Number of protein chains: 2
Amino acid sequence: MSSSPTIYYGPVFNPETLTSYKALPSCLFSVGPSGNIDWIVDDVAEHMLQETLAQKGCIDVNVTTLKTGEFFVPGFIDTHTHASQFPNLGSGQQYELPDWLNHVTFPTESKFSDLDFARRTYESVVRRVIDGGTTTCCYYATLHLEATKILVDIVQANGKSQRAFVGKCNMNRESPDYYRECSVEASVTDTKQLITYIRSLHAATNSNSSYPLVQPILTPRFAISCTPELLTSLGELAVQDPALHIQTHISENKSEIAYTKTLFPQAPHYAGVYDSFGLLRSNTVLAHAVHLEAPEIELIAQRGAGISHCPTSNFNLSSGVAPIGVYLDRGIKVGLGTDVSGGFSPSILNCVQNASIASKIVAMQCQHKNNVEKPQFAGRQLSVATLFYLATLGGAQVCDMDKQVGSFAPGKSFDALLVNLRNDAGNPGIWSLESDADVRGTGVLDGLLERFLFCGDDRNISRVYVQGRFVGGKSFRA
Amino acid sequence: MSSSPTIYYGPVFNPETLTSYKALPSCLFSVGPSGNIDWIVDDVAEHMLQETLAQKGCIDVNVTTLKTGEFFVPGFIDTHTHASQFPNLGSGQQYELPDWLNHVTFPTESKFSDLDFARRTYESVVRRVIDGGTTTCCYYATLHLEATKILVDIVQANGKSQRAFVGKCNMNRESPDYYRECSVEASVTDTKQLITYIRSLHAATNSNSSYPLVQPILTPRFAISCTPELLTSLGELAVQDPALHIQTHISENKSEIAYTKTLFPQAPHYAGVYDSFGLLRSNTVLAHAVHLEAPEIELIAQRGAGISHCPTSNFNLSSGVAPIGVYLDRGIKVGLGTDVSGGFSPSILNCVQNASIASKIVAMQCQHKNNVEKPQFAGRQLSVATLFYLATLGGAQVCDMDKQVGSFAPGKSFDALLVNLRNDAGNPGIWSLESDADVRGTGVLDGLLERFLFCGDDRNISRVYVQGRFVGGKSFRA
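Residues numbered from 1 in each chain as written. Chains lettered and ligands numbered in written order. Predicted model: local features only at pLDDT ≥ 70, side-chain atom pairs only at ≥ 80, totals over all residues. Heavy atoms only, no water.

### Considering the pairing of strand β2 (residues 20–31) of chain A
All names here are of chain A.
- As defined by bridge partners, strand β1 (residues 6–17) adjoins β2 across 10 bridges and the pair is classed as antiparallel. Looking at the pairing, Tyr 8 lines up with Phe 29 of β2.
- Hairpin connection from β1 to β2: two residues lie between these consecutive antiparallel strands.
- Between the antiparallel neighbours β2 and strand β3 (residues 37–41) lie five residues, among them Gly 35 with a positive phi of about 90°. (Pairing = 2+ DSSP bridges. Helix = DSSP H or I, 4+ residues; strand = E, 2+ residues; numbered from the N terminus.)

### A closer look at the domain arrangement of chain A
Residues and elements named next belong to chain A.
- Taken as a whole, chain A is organised into domain 1 (6–74 + 407–477) and domain 2 (76–398).
- Distance from the C-alpha centre of domain 1 to the C-alpha centre of domain 2: 30 Å.
- Each partner contributes to the interface: domain 1 provides 39 residues, whereas domain 2 provides 33 residues.
- With both sides pooled, the region where domain 1 packs onto domain 2 buries about 2,800 Å², and carbon together with sulfur makes up 68% of that total.
- Looking only at domain 1, the three residues that lose the most surface to domain 2 are Leu 18, Leu 453 and Phe 454, adding up to 26% of its buried area.
- With a closest N to O distance of 2.7 Å, Arg 163 and Asp 415 form a salt bridge. (Domains from an automatic or database assignment. Contact = heavy atoms within 4.5 Å. Buried area = accessible area lost by both parts, 1.4 Å probe. Salt bridge = Lys/Arg side-chain N within 4 Å of Asp/Glu carboxyl O.)

### Examining the relation of the copies chain B and chain A
- Once turned by 180° and shifted 0.0 Å along the axis, chain B lies on chain A with an RMSD of 0.0 Å. In symmetry terms, the pair is related by a two-fold rotation axis.
- Here 98% of the interface residues in chain B have copies in chain A that are interface residues too; the copies meet face to matching face. (Least-squares fit on C-alpha atoms with pLDDT ≥ 70 in both.)

### Some thoughts on empty space enclosed by the protein
- The final tally for this structure, using the stated rule, is 11 cavities of 30 Å³ or more.
- Every residue lining the largest cavity is counted, 41 residues in all, and those nearest its centre are Gly456(A), Asp457(A), Gln353(B), Gly456(B) and Asp457(B).
- If you list the elements that add at least two residues to the lining of the largest cavity, you get α12 (348–365) and α15 (444–455) of chain A together with α12 (348–365) and α15 (444–455) of chain B.
- Across the lining of the largest cavity, the residue classes break down as 15 nonpolar, 18 polar and eight charged. (1 Å grid on protein atoms, 1.4 Å probe; cavity = no way out; pocket = protein on both sides within 12 Å on 5 of 7 lines; lining within 4 Å. Points joined across faces, edges and corners; volume = space filled by probe spheres on them. Nonpolar A, V, L, I, M, F, W, Y, C, P; charged D, E, K, R; others polar.)

### Description of the pairing of strand β15 (residues 416–420) of chain A
All names here are of chain A.
- Counting buried positions along β15 yields five of five residues, so the element is predominantly enclosed.
- In β15, alternate side chains face the same way, and those of Ala 416, Leu 418 and Asn 420 on one face and Leu 417 and Val 419 on the other are all buried.
- The sheet contact formed by strand β5 (residues 70–74) and β15 spans five bridges and is antiparallel. Within the sheet, the bridge partner assigned to Phe 71 lies in β15 and is Val 419.
- In the sheet, β15 pairs with strand β16 (residues 461–466) via four bridges, with the strands oriented antiparallel. Following the sheet pairing, Ala 416 is matched in β16 by Tyr 465. (Buried < 20%, exposed > 50% of the residue type's maximum accessible area, 1.4 Å probe, protein only.)

### Points about the packing of aromatic side chains
Residue and element names in this part refer to chain A.
- For the structure on display, the rule yields 49 aromatic pairs over all chains.
- Relative to Tyr 21, the ring of Phe 13 has its centre 5.9 Å away and its plane inclined at 65°; by these criteria the two rings are edge-to-face. In this pair, the class of Phe 13 matches that of Tyr 21, namely buried.
- When the centroid spacing of 5.8 Å and the interplanar angle of 45° are considered together, the rings of Phe 106 and Tyr 179 count as tilted. Highlighted residues: Phe 106 in helix α2 (residues 97–110) and Tyr 179 in the loop between β9 (169–170) and α5 (184–204), separated in sequence by 73 residues. (Phe/Tyr/Trp six-rings, centres within 6.5 Å; stacked < 30°, edge-to-face > 60°.)

### Describing the state of the cysteines
- As enumerated under the stated definition, the model contains zero disulfides over all chains in all.
- Here Cys310(A) stays free of any disulfide, with the sulfur of Cys351(A) as its closest cysteine sulfur at 6.4 Å.
- Left unpaired, Cys455(A) is separated from the closest cysteine sulfur, that of Cys351(B), by 14 Å. (Disulfide = S-S within 2.5 Å.)

### What to know about the interface of chain B and chain A
- Every contact between the two is made by 48 residues of chain B and, on the other side, 47 residues of chain A.
- A buried area of about 4,000 Å², summed over both sides, lies between chain B and chain A, and 52% of it is on carbon and sulfur atoms.
- On the chain B side of the contact with chain A, Gln93(B), Arg128(B) and Trp431(B) bury the most area, a combined 19% of that side's loss.
- At the boundary of chain B with chain A, the tally comes to four salt bridges.
- Between chain B and chain A we count 21 residue pairs in polar contact (both at pLDDT 80 or more) in total.
- Looking at the side of chain B that touches chain A, the elements that each hand over two or more residues are α3 (115–131), α10 (311–316), α12 and α15 of chain B.
- Per-element tally for the side of chain B that touches chain A: the top contributor is α12(B), with eight residues. (Polar contact = N/O pair within 3.5 Å; in protein donor to acceptor, adjacent residues only side chain to side chain.)

### Comments concerning the pattern of salt bridges
- The final tally for this structure, using the stated rule, is 38 salt bridges over all chains.
- The salt bridge involving Asp458(B) is made with Arg459(A); its shortest N-O contact spans 2.7 Å. In this pair, Asp458(B) sits in the loop between α15 and β16 (461–466) while Arg459(A) sits in the loop between α15 and β16, so the two residues belong to two different chains.
- Take Asp458(B): its relative accessible area is 9%, and that puts it in the buried class.
- Its relative accessible area of 5% is what places Arg459(A) among the buried residues.
- Residues Arg422(B) and Asp424(B) are paired through a salt bridge, measuring 3.0 Å at the closest nitrogen-oxygen approach.
- One continuous salt-bridge network, built from bridges that share partners, spans Arg127(A), Asp131(A), Asp457(A), Asp458(A), Arg459(A), Arg477(A), Arg127(B), Asp131(B), Asp457(B), Asp458(B), Arg459(B) and Arg477(B).

### Digging into the packing of α12(A) against α15(A)
All names here are of chain A.
- The N-to-C vectors of α12 and α15 enclose an angle of 100°; their axes lie 7 Å apart at closest approach. Here α15 runs roughly perpendicular to α12, going by the angle between their axes. Within the contact between the two elements, α12 uses Leu 349, Val 352, Gln 353 and Ser 356 and α15 uses Phe 452, Leu 453, Phe 454 and Cys 455.
- Here the contact of α12 with α15 is built from residues that sort into six nonpolar, two polar and no charged. (Axes fitted to C-alpha atoms, helices over the stretch in contact; angles between N-to-C directions. Parallel < 35°, antiparallel > 145°, perpendicular 65-115°, else oblique.)

### Focus: helix α6 (residues 228–240) of chain A
Residues and elements named next belong to chain A.
- End to end, α6 covers 18 Å across 13 residues, agreeing with the expected 18 Å (1.5 Å per residue, within 8%).
- Listed as buried for α6 are Leu 230, Leu 231, Ser 233, Leu 234, Gly 235, Leu 237 and Ala 238.
- The secondary structure elements touched by the buried residues of α6 are β9, α5, β10 (214–220), β11 (245–250) and α8 (270–276). (Expected span 1.5 Å × (residues − 1).)

### Examining the environment of Ser30(A)
Residues and elements named next belong to chain A.
- With respect to the secondary-structure elements, Ser 30 resides in strand β2.
- Overall, the relative accessible area of 1% leaves Ser 30 in the buried class.
- Placed 381 residues apart in sequence, Ser 30 and Gly 411 show a C-alpha to C-alpha distance of 11 Å.

### A few points about helix α3 (residues 115–131) of chain A
Residue and element names in this part refer to chain A.
- Helix length check: α3, at 17 residues, gives a terminal C-alpha distance of 24 Å against a target of 24 Å (1.5 Å per residue), a fit within 8%.
- Within the span of α3, buried status applies to Phe 117, Ala 118, Thr 121, Tyr 122, Val 125, Val 126, Arg 128, Val 129, Ile 130 and Asp 131.
- Looking at the residues trailing α3, positive phi occurs at Gly 133, about 100°.

Here is the structure:
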């Protein structure tokens, strides 16, 4: 790693709030040797470039200037995906959740007892996820400790790869014999071993960053798959380790919800199950949340847990349409999740498009209530600004790391995508603006972000940076 | 063009009915010099290959054998798109139809008075559409005669390019002054000139096919944009020319429908407007049909007109969710339309995915009616077989040319896609099956079609054939 900072100059989109982002045509910023952003000047005219650099104490420095049609956005954050289900991408769309688990998911996940298969699969998975623009990813692996360590190794890649949370599934009931943990003790022991393994890797890495790239995450698969005894043990683990992140599924499918209630008759609702075991807190990621009841929305808000909105999966498995606007109005943290392979795409761009569609469906269904005064988000379509926020800073909040990633600010990690919307990117689905005149007009820069979010694919992601390092993208593969 | 037939051997998916397709792992077929399919043998074991060829009178012939991970499907049919709106792909998703037309569409369409702009734009459009796997396309151009001729020239490409219908918009009211035809006479004269131009091109081409590649299509933009006088004239044109195809929009947006009723107070409903002018017949393509009333569904069925289902656009412009199952149950012909740029993708694959999502939304909304006996399609999710059918043979029916294209059969045109699902296709969103063992297992071939439809993109479309000619795809660009 270089010991001098890297200076970038060009268009930047920077999320600010749920309803606003900065579109900066001429942004100048510096990324230090640690991979953190040193400083940002939002708007520097070309003739003021050297003077501005001098004011920042940068004399005789190289400036990486973006080309026409290029811009930076913060790296995408995928708050929910299953690394072990990528081989099933685009399979089983005829099923709803329970049948899909038994016919599609569990058979494939069980194959990860084969460590060669695990290595081969996870190497391809992580490469795809990074090149798709996901700089931080919340991964579910399988129930296998050793295979999950392999996933950790691949993600970690000696501290030079992706930022991620990696969890081994806890699941000791309600799945087939061939794919179920045999005891609470084994499940908990393996989980502790994985946590120790991941943390020791960071300690062993001579990283300049005080933040680890890969972090452990407690992963009770979902309430159905865990006995109360297992949840009790995992809750104890969580209490002893407040920094330990937690991920699970909640309220995805109506029959899943009904069955959960029969398994936990004392709990007031689905969220109450997790809460009763101490698993609902500010670093908990709750995937789906399609059919939450009002009291559990309130409980999740109070606990500060985050929701991973997985619209592609929710459509594909006929789970329902999550009322994201309601959650946003209540101040709940929301990010996006691809939920491969419930979702048929590993790309957060696809997720953005389907989050937009989901919100429009909700809005259309609410149209007859036009006379009622609506709150800010509920019953409305999500704007480009909101979608952009969910894909970046919202996801960072859900991961409880918005102080570190999700937007560009001095002191934050430089996790970023260099986007290229020119024709030479090779994506025929995006109409390029090639000339300076095309892209410098009033309002045109805003339009570029919308084009990227709705028409872009991995070919438009030229370079992917994590903690300042160039780790993926189309130029990386070339 | 070669004077000897081309023999292909490998996996083929061939649509049969709305609920079935043939998955043929070892299909052998011959395409003659005219570009029509000579014969097909569904299943030929490798050791029987020479014997089968000999029986067909083919001695010492080259056989093009597909590689592992490759298969043929019929070319996609896009029954509704606007060639003139591609520059707006991924723009204006905040609007519904009326505002979107005024703020996004009309300003861009008006630019096609500049013939250089038209040529530059249409060349790129047609290349993108072919490479995306659309072998037959129903194009709307603009109101400009000369620019539309340019589109025809590009599509025609001396008889070696795409199969298409090209229409000049008729629109003499309810759009801004800068983009409206000045008189009924001018609109009709230009329309007649375009029809003559397109037909003369085919006559001038030394095509071996008796079918023209490019055909004219009468294109009254929609009822709102045409005065009764204009519709009367167009109806007369249609009556004199029963072979002339017709395309228009119907019942896309609720406020559009309401306004249409005020403009045509005598008509019983929206479909009745077109019918009263003689514009509703078996070669009429009706785009959208989101909110049809029962009597107009009946009228459309009786007239034998087809519906172009444009789910991406219907979501994106918050138009609604078309009840496609109802139309299929009534026996109405249905195909898919990308409706660029109401839709944000020019790919029929994206359309397939969103048609699936649309049907699942309808099915979820009907779940409470579970006790009622459901018909075959209404209120149910569309299967892979149905989606595949809509993208191919259903589209051919809507274009009233299912005798010629849409599936593989002796005597039909060889309009086809050579699909490549291997990793070397370069699409990270599709999980490849690389080995023979991977793809030869029971049921695996079926899975490949689903993967392609849900995860594929233009990179998986290796070669595009129209009338037997290799005209596009990834290998064409390489």
